[in-house]
Amino acid sequence: MWLTRPLQERSTQLFLGILFFALIVVTVLHLALPEGNPLHVSAYTVTLLGKYLCYALLAVAVDLVWGYLGILSLGHGAFFALGGYAMGMYLMRQIGDRGTYGDPILPDFMVFLNWQELPWYWYGFDMAWFAFAMVLLAPGALALVFGWLAFRSRVTGVYLSIITQALTFALMLAFFRNEMGFGGNNGLTDFRDILGFNLRTDATRLGLFIATGIALAIGYVVCRGIVTSKLGRVSVACRDAEARTRFLGYRVERVQLFVFVVSAMLAGVAGALYVPQVGIINPSEFSPIFSIEIVVWVALGGRATLYGAVIGAILVNYAKTVFTGVMPDAWLFALGALFVLVTVFLPQGIAGLLRKRRKSTDDGSGPSESSSTSEATA
Amino acid sequence: MSIPRWLTFFLMVLLMTTAGTVSAQQQDQTPEALLEQLADASPRDTEAAIKAIATSGHERARAWLEAYGNNRISQVEATGRIVIVLNNRGRDWEVADALTGENLGEMSRRDLDRIAINNAVRRQLAGVLAMLDLFAKDVAVREAAALDLLGKVDDAIVEEVTARIEEEPDAGVRNRLEEALAIYQVEEQGSLDAIEVLSGSLHPRARAALNSAVASEDPARKAAAEQALASIQQKLRLNNAAETLYFGLSLGSVLVLAAIGLAITFGVMGVINMAHGELIMLGAYTTWGMQQLLPGQPGLALILSIPAGFLVAALAGIAIERSVIQFLKGRPLETLLATFGVSLILQQLVRTVISPLNRTVVTPEWMSGSLVINDALSLTLNRMYVIGFALLVFTALMLIMRRTRLGLEVRAVTQNRAMARSMGIKATRVDIMTFALGSGVAGLAGVALSQLTNVGPNLGQNYIIDSFMVVVFGGVGNLWGTLVAGLTLGTINQLLEPWAGAVLAKIIVLVFIILFIQKRPKGLFPQKGRAAEG
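The numbering scheme is per chain: residues are counted from 1 as the chain's sequence reads. Working convention: letters from A go to chains and numbers from 1 go to ligands, in the order in which they are written. This being a predicted model, a pLDDT of at least 70 is required before a residue's local features are given, and a value of 80 or more before pairs of side-chain atoms are given or counted; all residues contribute to the totals for chains, interfaces and linings. Where side-chain values are given, they derive from all heavy atoms of the structure, hydrogens and water being excluded.

It is worth spelling out the overall build of chain A at this point. Each helix corresponds to a stretch of at least 4 residues labelled H or I by DSSP, and each strand to a stretch of at least 2 residues labelled E; elements are numbered beginning at the N terminus. Scanning chain A for helices and strands turns up 15 helices and four strands. In this treatment the radius of gyration is a C-alpha quantity, and the globule benchmark scales as 2.2 Å times the residue count to the 0.38 power. Whereas a compact globule of 378 residues would reach a radius of gyration of roughly 21 Å, chain A reaches 21 Å, a difference of no more than 12%. Dimensions of chain A along its principal axes, counting C-alpha atoms only, are 60 × 55 × 45 Å. Remark: exposure states derive from per-residue accessible area (1.4 Å probe, protein chains only) relative to the maximum for the residue type, with buried under 20%, exposed over 50%, and partly exposed in between. Per-residue burial over chain A gives 57% buried out of 378 residues. Residue pairs at least 24 apart in sequence account for 77% of intrachain contacts in chain A once pairs closer than 6 positions are excluded. Every accessible area reported is derived by Shrake-Rupley at a probe size of 1.4 Å, with residue values counting cover from the shown protein chains alone. Accessible surface, chain A: about 16,200 Å² in total, of which carbon and sulfur atoms supply 66%. On chain A, the mean spot of the 26 positive side-chain charges and the mean spot of the 22 negative ones are 12 Å from each other. The contact definition used throughout considers only heavy atoms, calling two residues in contact when any of these lie within 4.5 Å. We count Lys and Arg on the positive side and Asp and Glu on the negative side, and we leave His and both chain ends out. By convention, charge coordinates are those of NZ in Lys, CZ in Arg, CG in Asp, or CD in Glu.

Residues and elements named next belong to chain A. All of the buried residues in helix 8 (residues 230-240) are G232, V234, S235, V236, C238 and R239. Where helix 8 is buried, its residues touch helix 2 (43-69), helix 7 (202-228), helix 9 (242-247) and helix 10 (252-278). Any N or O atom pair separated by 3.5 Å or less is treated as a polar contact, with the protein-specific requirement of one donor-capable and one acceptor-capable atom, and with residues adjacent in sequence counted only for side-chain atom pairs. Between a side-chain oxygen at the N-terminus of helix 8 and the backbone nitrogen of L231 the separation is 3.4 Å; the capping residue is S229.

On to the confidence of the model for chain A, then. Every residue gets a pLDDT, meaning the predictor's confidence in that residue, from 0 to 100. Of the residues in chain A, 95% reach a pLDDT of 70 or more, and the chain-wide mean stands at 88. Confidence over residues 360-378 of chain A falls short of pLDDT 50; this stretch has 23 contacts with residues more than four positions distant or in other chains.

This paragraph deals with the pattern of salt bridges. Whenever a carboxyl oxygen of Asp or Glu lies within 4 Å of a side-chain nitrogen of Lys or Arg, that contact is scored as a salt bridge. For the structure on display, the rule yields 17 salt bridges over all chains. The partner of A:K320 in a salt bridge is A:E293, and the shortest N-O contact between them spans 3.5 Å. Of this pair, A:K320 sits in helix 12 (residues 307-326) while A:E293 sits in helix 11 (residues 288-301), and the two are 27 residues apart along the sequence. B:D431 serves as the salt-bridge partner of B:K329, at 2.6 Å between the closest nitrogen and oxygen. With B:K329 in the loop between helix 14 (298-323) and helix 15 (332-353) and B:D431 in helix 19 (residues 427-449), the pair connects residues that are 102 residues apart, well separated along the chain. By relative accessible area, which is 5% here, B:D431 ends up buried. One network of salt bridges, with partners in common, ties together B:K329, B:R417 and B:D431.

In this section: the interface of chain B and chain A. At the junction of the two partners, chain B supplies 40 residues and chain A supplies 43 residues. A quick way to say it: buried area is the sum, across both parts, of accessible area lost when two parts are put together, with a 1.4 Å probe. Where chain B abuts chain A, roughly 3,800 Å² becomes buried across the two surfaces, and 81% of that area is made up of carbon and sulfur atoms. The largest share of the area that chain B buries against chain A comes from B:L333, B:L337 and B:Q518, three residues that together contribute 19% of it. Summed over the shared surface of chain B and chain A, the number is zero salt bridges. Inspection of the region where chain B meets chain A yields two residue pairs in polar contact (both at pLDDT 80 or more). Those elements that place two or more of their residues in the side of chain B that touches chain A are helix 15, helix 20 (459-474) and helix 22 (502-519) of chain B. For the side of chain B that touches chain A, the element with the most residues is helix 15 of chain B, which contributes 15 residues. Split by residue class, the side of chain B that touches chain A holds 30 nonpolar, six polar and four charged. Ten residues, namely Ala, Val, Leu, Ile, Met, Phe, Trp, Tyr, Cys and Pro, are considered nonpolar, four, namely Asp, Glu, Lys and Arg, are considered charged, and the remaining ones, Gly among them, are considered polar.

Here we take up the pairing of strand 4 (residues 103-108) of chain B. Residue and element names in this part refer to chain B. Strands are labelled as partners when DSSP assigns at least two bridges between them. Sheet topology places strand 3 (residues 92-97) next to strand 4; five bridges connect them, and they run antiparallel. Residue A96 lies in a different strand from strand 4, and its bridge partner there is N103. Hairpin connection from strand 3 to strand 4: five residues lie between these consecutive antiparallel strands, with G101 at a positive phi of about 85 degrees.

Residues and elements named next belong to chain A. Taken together, the side chains of F20, I24, V28, I214 and I218 present a nonpolar region at the surface, about 450 Å² in accessible area. Those elements giving two or more residues to the nonpolar patch turn out to be helix 1 (10-32) and helix 7. It is helix 1 that provides the largest number of residues to the nonpolar patch, a total of three residues. With respect to the helices and strands, the residue I24 is situated in helix 1. Given the relative accessible area of 54%, I24 is considered exposed. In this analysis, a patch consists of residues with relative accessible area above 30% that form no salt bridge, clustered at 9 Å for like charges and at 5 Å for the nonpolar side chains Val, Leu, Ile, Met, Phe, Trp and Tyr.

Residue and element names in this part refer to chain B. One open sheet accounts for five strands, arranged 4-3-2-1-5; its pairing is antiparallel. Unpaired on one side and paired on the other, strand 4 and strand 5 (112-114) mark the two borders of the sheet. Along the sheet, successive strands turn relative to each other by an average axial angle of 45 degrees, direction set aside. By the bridge criterion, three bridges tie strand 1 (residues 73-76) to strand 2 (residues 82-87) in an arrangement that is antiparallel. Bridge pairing in strand 2 places Q75 opposite I82. Here an axis means a line fitted to C-alpha atoms, over the contact stretch when the element is a helix, while the angle between two N-to-C directions is reported on a 0 to 180 degree scale.

On to the packing of aromatic side chains, then. Residues and elements named next belong to chain A. Here a pair means two rings of Phe, Tyr or Trp (six-membered ring of Trp) with centres within 6.5 Å. Their orientation is stacked below 30 degrees between planes, edge-to-face above 60, and tilted elsewhere. Across all of its chains, the model carries 34 aromatic pairs over all chains by this definition. Seen in terms of ring centroids, Y85 and F182 are 5.7 Å apart; in terms of plane orientation they differ by 75 degrees. Their pairing is edge-to-face. Here Y85 is found in helix 3 (residues 76-95), whereas its partner F182 is found in the loop between helix 6 (157-176) and strand 1 (188-189), with 97 residues between them in sequence. Using a relative accessible area of 11% as the deciding quantity, one classes F182 as buried. Taking the centre distance of 5.4 Å and the plane angle of 85 degrees together, the rings of F125 and F130 count as edge-to-face. Judged by its relative accessible area of 24%, F130 is partly exposed. One Lys or Arg, R152, reaches over the ring of W148 and ends 4.5 Å from the middle of that ring. Here, a charge over a ring is recorded when the distance from Lys NZ or Arg CZ to the ring centre is within 6 Å and its angle to the ring normal is within 35 degrees.

Turning to the packing of helix 11 of chain A against helix 15 of chain B, a few remarks are in order. Orientation of helix 11 of chain A relative to helix 15 of chain B, taken along the N-to-C sense of each, is 120 degrees, at an axis distance of 11 Å. With respect to helix 15 of chain B, the axis of helix 11 of chain A lies oblique. Once helix 11 of chain A is placed against helix 15 of chain B, the crossing between them reads as left-handed. Every residue of helix 15 of chain B that contacts helix 11 of chain A at A:I289, A:I292, A:V295 and A:A299 is listed here: B:L336, B:L337, B:F340 and B:L344. Within the contact of helix 11 of chain A with helix 15 of chain B, the residues separate by chemical class into eight nonpolar, no polar and no charged. Here the word oblique covers every angle except those under 35 degrees (roughly parallel), over 145 (roughly antiparallel) and from 65 to 115 (roughly perpendicular). Each crossing gets its hand from how the near helix is turned against the far one by less than a right angle, where anticlockwise is left-handed and clockwise is right-handed.

Shown next, in the form of structure tokens:
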């Protein structure tokens, strides 16, 4: 089975080991130690870590398409946000008549806009199973349609990057509109509870953190399973020499479409877990700059390694938290410099550094020098 | 001393037949007498007094009548002198002599006897004031006065207007007067001929008159008015279409300006420069800086900032090329990321050094205002300048690429780098020059944009995606494609805006391009032959 194969790999075991160890340590430190203890992990920190883990899952999704398929998506934020909106709509419906206007069906912003009834696309989101299915299906469907159109016409490389960026930009503009029925500028917020658990209690927050950790583990194993399967090897072949793979008889566009859709769904899950933890979803998650930031997490961590994406996402976002707290003006300088330095001096990312130091022969799926030059000529 | 009404009319008609010259009858009435007449007139005679002043041809007639309309004509009780009140706040009023305009200083308001005006007279005064300028020598003043008369013709002045039409030498002014008269005739008399006259008018007032005629009970009038309105609507639609096209072209030329530099760096060099928008921003800030350096001379500063903006952006471009892009040759996706980093740094730099807030760039006088084509269509000048500027820049770039040594070398390096180098072309130097050229053009776009939008740190970000869309839509490596694509997208956007709204129009255009790229991945004008394979 392709899903169990990664579990026998040493690198995956190591990754899962570290991840679960970290989950347990945080849980214990949060629950067992009293508030005054210097080692106590506050609920705020737990939520913050949960947010990082969401980003890490998102980065893994991006690494899957960029690292193993050679598609630099500058629009993955759109899938993340769509998953987030699906979750947000569920959470909105859960508020029920506890909103400011006390309408049992309509969310507050609709009452405010004088809407009389629920738009059709909000139906069903009061049921958890439906909403959770939409978390996967909405981004998946968008990726399917978009990818089908793009890959069928063999739009690749820089062009694809630019139109993915246009896609997320168009969606951002659309979601900013009040008429769309997604809360416009303010987005969806003021959530109360999820599956009956109050979102404002520490226990729920811890639960969400653990759920995110498990989602990351599953996402990692799924991606690992895909890239070590035969399909994964074909996808690496598409990345390195698309035309040659096609001439060998593989249906390149199908491979690309499959991997792209899976990646979009993972991004959607990340978004869905992100929303209850930060308590809001608004159109800024669609902004092109966020999508391009995800790419730099992956680039910093090391492309085509998966675990590198996790490291990159956590490191960059930790740095962002620190910087924006201490000197907010400097953050964009630091981020900009990071973009430049990583691409110019650290093309293999942190994972590349680790690999060089250990000089171990990994599975060798990282992009080699020859692969990047062949990509340029394609 | 009051003059019979018929006599005033007689005098006035006489005056109009001898417009420009001063007739003997008027010399009988000294300015003092005219003012006396106004001051002493009983409410019934005020009208005549006003007309006497209006037709006197006195240079200060307008000042008197306006002051009168504003309740600012008074008589000094002690001396009987007529004064104009300049400032009526407080106990002491500042006054000026009505005859000479000489400032007489302040005077207690108790010593002043205000010459009263009632509303009926004030209404009539408006018409008379509108008439005053019809006697001016300057055609433009007469035309403005005639335009002002639309809808203001009433029983009191209709005869004068009719007389004036006969006398008016200028056809444009005459048409206006006929329009004004026709509005009166339609509204007051329901004349069919007048409806016919109005069917050629685009002025909103004419439409109002026709609408009132449509409401009439006389079927012939109603039909004629409806027909006239229909013909006007037709013309309005045409004018609207022309205006939309104009806005579309101006938006399109902004897009062309923003994208054409990108077409060079992206299309010709294959370099994705995400910092292109920030180079545009630098150009805009250069304009602002120039205006700070030359306060009070916005026009000169704007002209100087054209070369300055080019230089600043070109130098910044060279710096980016040398420090980042040259190390990433042949790795377009990495170049994209690195230059995006540069764009973040530049944005934050501007925020830190200058201000996170928008700066205002002054529009020089010769660029503001608009070109009036007719009552329904006027074209703003600044947009016209931007359209011209975009075409100019485009032509210059075409000439550089086609006719100069640099252009030849650029094309050679683009098509076959190794071969070009073996022919003795210094490819690295060509890279730098090309990048400088593309960046400099971005700076020029910034100078132009500073006249249309706010100059702020996010200026570039707003244009980068649009610019890429234009280049991709037009076909990479093809300047003509960029021109056509930019103008097309701008026009489509403006055509969609009235029924879809600005945001939705933009979304539709983006979706359209995304779909278009699926159909024609190489854009409108794909490169063909050897160059495409390089």
